[in-house]
Structure formats: C-alpha cells, structure tokens
Amino acid sequence: MHTAAVVGTGLIGTSIALALTARGVTTHLIDRDPDRLRIAAARGAGTPEPPSAPVDIAVIAVPPSSTARTLADHQKAELARVYTDVASVKALPQAECLALGCDTTTLVGGHPLAGRERSGPLAARAELFQDHHWVLTPSPDTSESALNRALELVSLCGAVPVLLDPADHDRAVALVSHLPHLMATLIAARLREGEEYAVRLAGRGMRDATRVASGDAGLWADILAANATSLAPLLTELSADLATAAQALSRLSATDQAPEATADALADLTAVLHRGVEGRSRISPPYDGPGALPHTVLSVTLGGRERPLARLLDDVDEARLELTGLELAGLAPADSGRPDTRATPTAADSVGLKVAPDVAHALTEALRNRGWTVR
C-alpha cells in the first residue's frame, strides 16, 4: 500500500490516517468540516490535497446513516481502487450500499473495535488500534484483492483482523459495545438530579461505569438507531432483570413483611447478582483456572528504593488497565519483622505483570511513560 484516502477526520478516521502516515503511506484527508480537516492535517495525519489518481484504499469514516451515500459518491468519483468503512453497524450500511448500486467487488465492510471517551481529531492516536480487534465483513462479491488490501490496512494499524457476517457482527457489538454504552449513559443521567454532596462522593467505580457516557450523543444516537434490531431484544432482557431487582429491593424495604418473604426477596436479588458474576467470568476468568484466557507477562524492573512495588501498582491503577495476575518471583522477600509486608527493592528486583494480550501494548507504553523499564 502506497496511497490512501480517509473520508471523515473524527477520532477513528484521524487515528487511521495517523497510523498510515507513520508507516509511510501517503494519506489524503477529506472532510466537509474545514476546521476538523485543518486540525487533522496539522497533527500530521496526512494532506488535505485531493489525490491526482485513484488511491490504493479509501476509508469511509462517517456515521452509519451516512456511510452508504458517502461511499457511493466517492466510488462514482473513482477516489480509490478499494473501499472500506469503519461504521460500528454493518448490516444496514451494506443493504443501503446494495440499494444504491455500489460496486461491492471493491468493498470490504469494516469496524475497528477501539475508541476513547473523547471524540474529534484532537483525541486521535496512531496507536489507538494496537492489538485491538478489527472486524471485516466482506460480501460474497468482494474480490480477493480487495480483501487482501483491507487486511493490509488492519495490519498497518497494528490491529487483529476478525472476519464476520454483518448480522453476526451487529449482534455481537449490540451485546459488548452498544448495550454497555447505553447503560453507562442511563446511569450517568441519574447524576443530573443528584445532590451536590452525593456527586462529590463519586469515586472510581462510578467514573469507570460512566466513562463512555461522555461520547458524542448525536453520533451514538445514529449508531444505536442503526442497530435497533439487535439491541432491542437485549434491552427487553435487561429490563426484566431490572424489574426483578427493583421488586426484590421494594420487598426488602418493607417493614411489615414475614421472614419467609424477606428471604425470598433476598434470594431473587442474589440470583440476579450471581448471573452477573457468571457473565463477567466469561471475559475475565479466574487466574490460570480452567478456561483461563491466554495472557502476556510484562517484566518490570523496580530499580532502586525510589521504585517500590506499591508505586508500580499505583501507576498500573492510574493507567486504568486491568492485571490478570502478578508474579513476585523476582522480588526479594519482605522483612517479616515489619508490619508493612512490602519488600525493599534492589537494583535487580523485578516483577511480572500478567495481562490480557490486547492490554500488553497499552500498559507497556503507559508504564514507560511513567519511567518504568518494561520488557
């Protein structure tokens, strides 16, 4: 790949352009918003000048409701030899592309599963997609050369390709992306009417649970509407669980209830919570237990006395990335006479941080930026 065009210079489009430019690909930026275009170009994402000939690949990075029309317009103008998009819904844009008569032989649907709570070109990062999944949804008409070009794009951005049917993709992201975003937003909305002293008590749990609620409301309304068919059944199931929990808590708050009724209400509430524990275990299994996910071990040198284990763990916590385990074999034993069981590190001390493979790169960069030596 030598040339590319990115249509839409928001967070995802600009991040793709930054990644491609960093790998030596001449990248042309296109956007109807001149300010966003200027900012993306100023950040080194590419050139705002139009290409003089069809580029190797064009990335359509616009909201789902605009994807098909934007693609059709640029195919008509012969912008590129191959086209892909980054819409987080696939079935609807694909159907609209067919209705508009787009050339599906040169089209590969795509969706990089990465993002940030901030939007726009200022929030873009070249490493945004590193080790993240990037779904591709080629149609039966998609040519082998077009698919290979899309796979090259994913590779240049450092992501991991996953091939899915559009409908399967939409059901998957409804479960693991769209539903969580909607729930985070609904939880955050409760803060609007909360007393000031209560809001000031919000800690990391609330901040983490509502982090994505800061996203562009208009864009997310577009996304959720485009995936309504897959999302609506999940909301119905969730509503049933919420109703069960609400009814159980209502019964538990009653003061004139028989002990048996109180026990039943507590059992209903516990069952709802237990199902959550079971669901969570599918994405975060017990450390090294049966069915545990593969992990990567990052070796971190603790250095001298100014780099205690406690500070390392604080920095991991600040990076908002989750460990799956900790290996202390390289750490000298703690002084058993001290109430604080932390060891005093020497120059040779090191610990192993066990993380999921898709977290390894981000945590390595975060710790190196804080002065740690990571291998």
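Now for a description of the structure that goes with this document. Given the structure is predicted, the values throughout are model-derived calculations rather than measurements.

Details of the environment of Asp 268
Thinking step 1. Assignment of secondary structure puts Asp 268 in helix H11 (residues 259-281).
Thinking step 2. Given a relative accessible area of 32%, Asp 268 falls into the partly exposed group.
Thinking step 3. Along the backbone, Asp 268 and Thr 244 are 24 residues apart, and their C-alpha atoms lie at a distance of 7.2 Å.
Thinking step 4. Not counting the four nearest positions on each side in its chain, Asp 268 is found in contact with Thr 244, Ala 248 and Arg 251.
Thinking step 5. Within the local environment of Asp 268, its side chain forms a polar contact with the side chain of Arg 251, the two groups lying 2.8 Å apart.

Overview of the sheet that holds strand S5 (residues 107-112)
By way of backbone hydrogen bonds, the strands of a sheet pair with one another, either parallel or antiparallel.
Thinking step 1. The seven strands lie next to each other as S2-S1-S3-S4-S5-S6-S7, forming an open sheet whose pairing is mixed. Of all strands in the sheet, those bounded by a partner on one side alone are strand S2 (26-30) and strand S7 (160-163). In this sheet, neighbouring strand axes are inclined to one another by 25° on average, regardless of whether the strands run parallel or antiparallel.
Thinking step 2. Sheet topology note: the S5/strand S6 (residues 133-138) ladder contains five bridges and is antiparallel.

Some words on the pattern of salt bridges
Thinking step 1. Scanning the entire structure with this criterion turns up 15 salt bridges.
Thinking step 2. In this structure, Arg 38 engages Asp 35 in a salt bridge whose closest nitrogen and oxygen atoms are separated by 3.0 Å. In this pair, Arg 38 and Asp 35 both sit in helix H2 (residues 34-42), three residues apart, roughly one turn of the helix.
Thinking step 3. Across the pair Asp 317 and Arg 204 runs a salt bridge whose closest N-O atoms are separated by 2.2 Å. Placement of Asp 317 in helix H12 (residues 309-318) and of Arg 204 in helix H8 (residues 204-210) is noted, with a sequence separation of 113 residues between them.
Thinking step 4. Three or more residues are tied together by salt bridges with common partners; here these are Arg 204, Asp 208 and Asp 317.

Let's talk about the packing of helix H6 (residues 166-189) against helix H9 (residues 217-226)
Thinking step 1. At a minimum axis separation of 11 Å, H6 and H9 run at an interaxial angle of 130°. Classified by the interaxial angle, the pair formed by H6 and H9 is oblique. Crossing hand, H6 versus H9: left-handed. Residues Ser 177, His 178, His 181 and Leu 182 of H6 form the contact with H9, whose participating residues are Trp 220, Ile 223 and Leu 224.
Thinking step 2. Residues of the contact of H6 with H9, tallied by class, amount to four nonpolar, three polar and no charged.

Observations regarding the pairing of S6
A regular strand places its side chains on the two faces of the sheet in alternate fashion.
Thinking step 1. Looking at chain direction, S6 and S7 are connected through four bridges and run parallel. Counted as the bridge partner of Trp 134 is Pro 161 from S7.

Considering the packing of aromatic side chains
Thinking step 1. Enumeration over the complete set of coordinates arrives at one aromatic pair.
Thinking step 2. Here Phe 129 and Trp 134 contribute two aromatic rings whose centre-to-centre distance is 5.2 Å and whose plane-to-plane angle is 50°, an arrangement assigned as tilted.

What to know about helix H5 (residues 144-156)
Thinking step 1. The terminal C-alpha atoms of H5, which comprises 13 residues, lie 18 Å apart, in line with the 18 Å expected from a rise of 1.5 Å per residue.
Thinking step 2. Looking at H5, one finds that the buried residues are Ala 146, Leu 147, Ala 150, Leu 153, Val 154 and Leu 156.
Thinking step 3. Lining the buried residues of H5 we find helix H1 (11-22), strand S3 (57-60), strand S4 (83-85), S5, S6 and S7.
Thinking step 4. Once H5 ends, the next one or two residues include Gly 158, with phi positive near 80°.

Brief notes about the sheet that holds strand S11 (residues 373-374)
Thinking step 1. Overall, antiparallel pairing links the four strands, which are arranged S9-S10-S8-S11 in an open sheet. Looking along the sheet, the strands with just one partner apiece sit at the ends: strand S9 (325-327) and S11.
Thinking step 2. Both strand S8 (residues 296-301) and S11 contribute to a ladder of two bridges, which runs antiparallel. Within S11, the position partnered with Val 300 by the bridge is Val 374.

Thresholds applied
Residues numbered from 1 in each chain as written. Predicted model: local features only at pLDDT ≥ 70, side-chain atom pairs only at ≥ 80, totals over all residues. Heavy atoms only, no water. Helix = DSSP H or I, 4+ residues; strand = E, 2+ residues; numbered from the N terminus. Buried < 20%, exposed > 50% of the residue type's maximum accessible area, 1.4 Å probe, protein only. Contact = heavy atoms within 4.5 Å. Polar contact = N/O pair within 3.5 Å; in protein donor to acceptor, adjacent residues only side chain to side chain. Pairing = 2+ DSSP bridges. Axes fitted to C-alpha atoms, helices over the stretch in contact; angles between N-to-C directions. Salt bridge = Lys/Arg side-chain N within 4 Å of Asp/Glu carboxyl O. Parallel < 35°, antiparallel > 145°, perpendicular 65-115°, else oblique. Left-handed = near helix turned anticlockwise from the far one by under 90°. Nonpolar A, V, L, I, M, F, W, Y, C, P; charged D, E, K, R; others polar. Phe/Tyr/Trp six-rings, centres within 6.5 Å; stacked < 30°, edge-to-face > 60°. Expected span 1.5 Å × (residues − 1).

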